[in-house]
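Residues per chain, in single letters:
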Amino acid sequence: MDHTNHVRLSPTELTPALLEGATIYGADDHKVGKVDHVHGGSSVIIDVGGFLGIGAKPVEVPLSDLVFMRDQDGEVHAVTSWTKDQLKEMPEHHH
């Protein structure tokens, strides 16, 4: 997916309501996970791997490592320089 024409979210739009459920695309532009929830305002918990939400591993990533944007349909998603394998190697986040 070409993200160059997607509109970046402004800092005021980085709210849990908008970010939760957003698809995350990794360094190779493959889907690496979804935002489970915003954690403390400066990081997000991403569910990595799994199938239909089952078996996914929650990991904590700094908000600054993600660029959130909207596609042509207004769908919020993010890109990151992390790969799925790198995210899977991170320690599991416990609620």
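Note that residues are indexed from 1 along each chain, following the sequence as it is written. At least 70 in pLDDT is required for a residue's local features to be given in this predicted model, at least 80 for side-chain atom pairs to be given and counted, and no such filter applies to totals for whole chains, interfaces and linings, which use all residues. Note that water and hydrogens are dropped before the side-chain values are worked out from all heavy atoms of the structure.

Looking down a regular strand, the side chains alternate between one sheet face and the other. We call a residue buried when its accessible area falls under 20% of the maximum for its residue type, exposed when it is over 50%, and partly exposed in between, using a 1.4 Å probe and counting protein chains only. A run of H or I in DSSP counts as a helix once it spans at least four residues, and a run of E counts as a strand once it spans at least two, with each numbered from the N terminus. Among the 6 residues in strand β4 (residues 43–48), 5 count as buried, and that is most of the element. Any two strands with at least two DSSP bridges between them are considered paired. Counting the residues between successive antiparallel strands, the hairpin from strand β3 (residues 31–39) to β4 contains 3 residues, one of them, G40, with a positive phi of roughly 65°.

Looking now at the pattern of salt bridges. Definition used for salt bridges: Asp or Glu carboxyl oxygen within 4 Å of a side-chain nitrogen of Lys or Arg. Enumeration according to the criterion identifies 1 salt bridge in this entry. Two residues, E13 and R70, come together in a salt bridge whose shortest N-O distance is 2.9 Å. Taken together, the residues span a long stretch of sequence, with E13 in the loop between β1 (7–8) and α1 (16–19) and R70 in strand β6 (residues 66–70) at a distance of 57 residues. On the basis of relative accessibility, which here comes to 23%, the residue E13 falls in the partly exposed class. For R70, a relative accessible area of 25% corresponds to the partly exposed category.

We now examine the sheet that holds β1. Within the open sheet, the 7 strands sit side by side as β1-β6-β7-β2-β3-β4-β5. Their pairing is mixed. Of all the strands in the sheet, just β1 and β5 (57–62) have a single pairing partner and so form its edges.

Let us now look at the nonpolar core. Grouping buried Ala, Val, Leu, Ile, Met, Phe, Trp, Tyr and Cys residues that are joined through side-chain atoms within 4.5 Å yields what is termed a nonpolar core. Membership of the largest hydrophobic core comes to 19 residues, with the highest contact counts inside it found for I24, I46, L66 and F68. At the level of elements, β3, β4, β5, β6 and β7 (76–80) are the ones that each hand at least two residues to this core. We call two residues contacting when some pair of their heavy atoms lies within 4.5 Å. Among residues more than four places away in sequence, those in contact with L66 are I24, V44, I46, V61, A78, V79 and T80.

It is worth spelling out the environment of A78 at this point. Along the polypeptide, A78 turns up in strand β7. For the pair formed by A78 and Y25, sequence separation is 53 residues and the distance between their alpha carbons is 6.1 Å. Among residues more than four places away in sequence, those in contact with A78 are T23, I24, Y25, L66, V67 and F68.

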